[in-house]
Amino acid sequence: MEERYDLAIIGAGPAGIATAIEAYALGMSNILILEKDENHNATIRKFYKDNKRVDKDWKGQKVELDGTIYFMDGTKESTLDFFDQLLDHESLELRTHTEVQKIVKKEEGFEIFIAGGSIFATHVVVTIGRMGKPNKPDYKIPPSIKSQIHFTLDGCGAGEKIMVVGGGDSAIEYAVDLCDKNEVSICYRRGTFRRANPTNQGDIEKAVESGCIRPLLNTEITELESENGKVKVNFTDGSSELFDRLVYAIGGTTPSGFLSGSGIREEDGKPVHDENYQTNVNGLFVAGDITQESGGSIALGLNHGYAIAQYIKALG
Ligand SMILES: Cc1cc2nc3c(=O)[nH]c(=O)nc-3n(C[C@H](O)[C@H](O)[C@H](O)COP(=O)(O)OP(=O)(O)OC[C@H]3O[C@@H](n4cnc5c(N)ncnc54)[C@H](O)[C@@H]3O)c2cc1C
């Protein structure tokens, strides 16, 4: 039997869940959310540190919420609870452990390819984010030190010498969290942390003043090597230093392979879409971080979901 839905959403992050909730609120049904991970919101689960403060106006982007979802500042845990409640309340169909490989336009709607089969849907919204592939440095990571190079805080313990690479909100939050129990440096190619939100700027200022974090500003790395089981970092000024671990917090990448495999055109590192978030493929939409060059926010994703649901509903 062919599985057919009116609306299929690929990725159960904030934008995907919002699209489903808003579509449901507008009277649509027969909606399916497909998520490759074991639970919804893999980005929040994996990349947010425990008890992280979650800002509605992330990176200082002030967003007025348009839809029916009332999202507020909170913590990692309260935000995940919030999305649990949204999904439970509407009894939305969320299929986890299901990675979508590509979407192919058919005469009527789309065929969505997953391992071992396919699902059909009239409209499809792609909300797979950018953190499936976190940005990696363009210099080589020697295999012998791979286990000491991180893109989240998983595997970071106590009593170690750690360098965080990056200067945005995520990098600062990682560094401030780690410095309670470790000797922490933060390596940033710019001269100030002014791109971060005011709270994080205040936190890093305090941590630097108290000697808890050593800032390496206007500093770039040229190469990593392995030396005596440590990570040897070579900097552009010719100096080098040994660390137990490095944590990179330098954003995510556009899933270009997925987009091109589904016929979605990309321009300037983003999928092409119109004001309703419809791509060059009629009936195929994109929402959330995937539409942003350097990362969006939860609130922005919620608004994209609302706009798409309204547009699809109006199509009748
Ligand atoms: C460390 C960090 C801290 C942050 N702090 C904040 C904050 O305080 N406030 C804030 O508003 N924003 C914050 N953000 C940004 C926020 O997390 C993102 O803007 C938001 O998660 C984007 O939502 P999304 O739904 O577009 O994508 P995501 O949340 O990335 O969700 C995408 C989902 O799609 C799934 N997926 C991917 N590929 C496939 C596939 N092929 N098939 C099926 N499923 C797939 C993924 O597993 C994931 O669950 C932070 C980001 C990071 C990295």
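Everything numeric here is computed off the predicted structure, so don't read it as measured data.

1. Regarding the overall build of the chain
- Secondary structure assignment for the chain yields seven helices and 19 strands.
- Against the globule reference of 20 Å for 316 residues, the chain gives a C-alpha radius of gyration of 21 Å, in line with a compact fold.
- Here the chain holds 316 residues, and 51% of them are scored as buried.
- Pairs at least 24 apart in sequence give 63% of the contacts found in the chain among residues at least 6 apart.
- For the chain, the exposed surface amounts to about 15100 Å²; the carbon and sulfur share of it is 45%.
- Taking the average location of the 34 positive side-chain charges in the chain and that of its 48 negative ones, the two points are 4 Å from each other.

2. Here's the deal with the layout of surface pockets
- Of the voids in this model, the second largest pocket is the one considered here, and its volume is about 150 Å³.
- Lining the second largest pocket are Leu153, Cys156, Gly157, Asp177, Leu178, Asp180, Lys181 and Asn182.
- Split by residue class, the lining of the second largest pocket holds three nonpolar, two polar and three charged.

3. Digging into the state of the cysteines
- Here the structure, examined in full by the defined rule, presents one disulfide.
- Sulfur of cysteine 156: no disulfide; nearest cysteine sulfur belongs to cysteine 179 and is 13 Å away.
- Among the cysteines around cysteine 187, which has no disulfide bond, cysteine 156 carries the closest sulfur, lying 16 Å off.
- Under the relative-accessibility criterion, cysteine 187 is labelled buried at 3%.

4. Examining the pairing of strand 11 (residues 183-187)
- Within strand 11, four of the five residues are buried, which leaves the element mostly enclosed by the surrounding structure.
- Here strand 10 (residues 161-165) runs beside strand 11; their pairing, made up of five bridges, is parallel. Residue methionine 163 lies in a different strand from strand 11, and its bridge partner there is serine 185.
- In this fold, the crossover linking strand 10 to strand 11 by way of helix 4 (residues 169-178) has right-handed handedness.
- Judged from the four bridges that link them, strand 11 and strand 12 (residues 213-216) form a sheet pairing that is parallel. The partner of cysteine 187 across the bridge, within strand 12, is leucine 216.
- As for the winding sense of the linkage, the β-α-β connection from strand 11 through helix 5 (residues 198-209) to strand 12 is right-handed.

5. Remarks on unusual backbone geometry
- A positive phi angle, close to 55 degrees, is found at lysine 59, a residue other than glycine.
- Checked against the element boundaries, lysine 59 lands in the loop between strand 3 (53-54) and strand 4 (74-75).
- Look at lysine 59 and you get partly exposed, because its relative accessible area is 37%.
- For aspartate 268, which is not glycine, the phi dihedral falls at a positive 50 degrees.
- Within the secondary structure, aspartate 268 is located in the loop between strand 17 (266-267) and strand 18 (270-271).
- The exposure class of aspartate 268 is exposed, given its relative accessible area of 66%.

6. Some points on the site of the ligand
- Around the ligand, the surrounding shell holds 33 residues, and the nearest of these are Glu35, Thr43, Tyr48, Asp55 and Asp289.
- Contact between the ligand and proline 14: an oxygen atom at 3.3 Å from a main-chain N or O atom of the residue.
- One nitrogen or oxygen atom from the main chain of glycine 296 is found 3.4 Å from an oxygen atom belonging to the ligand.
- Within the complex, the protein chains bury 95% of what would otherwise be the 1000 Å² of accessible surface of the ligand.
- Residue assignment for the shell around the ligand shows that the elements contributing at least two residues are helix 1 (14-25), helix 2 (42-47), strand 3 and helix 4.
- Residues of the shell around the ligand, tallied by class, amount to 15 nonpolar, eleven polar and seven charged.

7. Details of the pattern of salt bridges
- Overall, the coordinates contain 18 salt bridges when judged by the stated rule.
- For arginine 214, the salt bridge goes to glutamate 241, with nearest N and O atoms at 2.6 Å. Here the residue arginine 214 occupies a position in strand 12, and glutamate 241 occupies one in strand 15 (residues 240-243), the gap between them amounting to 27 residues.
- Take arginine 214: its relative accessible area is 35%, and that puts it in the partly exposed class.
- With a shortest N-O distance of 2.6 Å, aspartate 244 and lysine 230 are connected by a salt bridge. A residue pair is termed long-range when its members are at least 10 positions apart, and aspartate 244 in the loop between strand 15 and strand 16 (245-248) and lysine 230 in strand 14 (residues 230-235) qualify at 14 residues.
- One continuous salt-bridge network, built from bridges that share partners, spans Lys52, Arg53, Asp55 and Glu173.

8. Quick look at the sheet that holds strand 9 (residues 149-150)
- The strand order across the open sheet built from five strands is 9-16-10-11-12, with neighbouring strands paired in parallel fashion. With partners counted over all chains shown, the strands left at the sheet margins are strand 9 and strand 12, one partner each.
- With four bridges connecting them, strand 10 and strand 16 associate as parallel partners. Bridge pairing in strand 16 links isoleucine 162 to arginine 245.
- Across the sheet, helix 4 touches strand 10, strand 11, strand 12 and strand 16, and the angle it forms with strand 10 is around 165 degrees.

Reading the values: the criteria
The residue count restarts for each chain, going from 1 along the sequence in the order it is written. This being a predicted model, a pLDDT of at least 70 is required before a residue's local features are given, and a value of 80 or more before pairs of side-chain atoms are given or counted; all residues contribute to the totals for chains, interfaces and linings. Only hydrogens and water are removed before side-chain values are computed, so all heavy atoms of the structure are retained for them. Only DSSP runs of H or I with at least four residues qualify as helices, and only runs of E with at least two residues qualify as strands; both kinds are numbered from the N terminus onward. Radius of gyration means the value over C-alpha atoms here, while the globule rule gives 2.2 Å times the residue count to the 0.38 power. Each residue is placed in one exposure class: buried if its accessible area under a 1.4 Å probe, protein chains only, is under 20% of its type's maximum, exposed if it is over 50%, and partly exposed if it falls in between. We call two residues contacting when some pair of their heavy atoms lies within 4.5 Å. The method behind every accessible area is Shrake-Rupley, applied with a 1.4 Å probe, and residues are considered shielded solely by the protein chains displayed. By the counting scheme adopted, Arg and Lys are positive, Glu and Asp are negative, and His together with the chain ends is not counted. All charge positions are set by atom: Lys at NZ, Arg at CZ, Asp at CG, Glu at CD. Grid spacing is 1 Å over the protein atoms alone, the probe is 1.4 Å, and a cavity is where that probe fits but cannot get out, while a pocket is an open set with protein on both sides within 12 Å along at least five of seven lines and lining residues have an atom within 4 Å of a point. Grid points are joined across faces, edges and corners, and a volume is the space filled by probe spheres set on the points. Basically, the charged four are Asp, Glu, Lys and Arg, the nonpolar ten are Ala, Val, Leu, Ile, Met, Phe, Trp, Tyr, Cys and Pro, and anything else, Gly included, counts as polar. The definition used for a disulfide is geometric: two cysteine sulfur atoms within 2.5 Å. For two strands to be treated as a pair, DSSP must find at least two bridges joining them. A crossover counts as right-handed when, viewed with the strands pointing away from the observer, the path leading from the first strand over the helix to the second turns clockwise. Here a residue is considered near a molecule or strand provided that any single heavy atom belonging to it is located within 4 Å of it. N or O atoms closer than or at 3.5 Å make up a polar contact, with two conditions inside protein: a donor-capable atom paired with an acceptor-capable one, and, for residues adjacent in sequence, both atoms drawn from side chains. The working definition used for a salt bridge is a side-chain nitrogen of Lys or Arg within 4 Å of a carboxyl oxygen of Asp or Glu. Only the stretch in contact is used when fitting a helix axis, every axis being a line fitted to C-alpha atoms; angles between N-to-C directions are given from 0 to 180 degrees.

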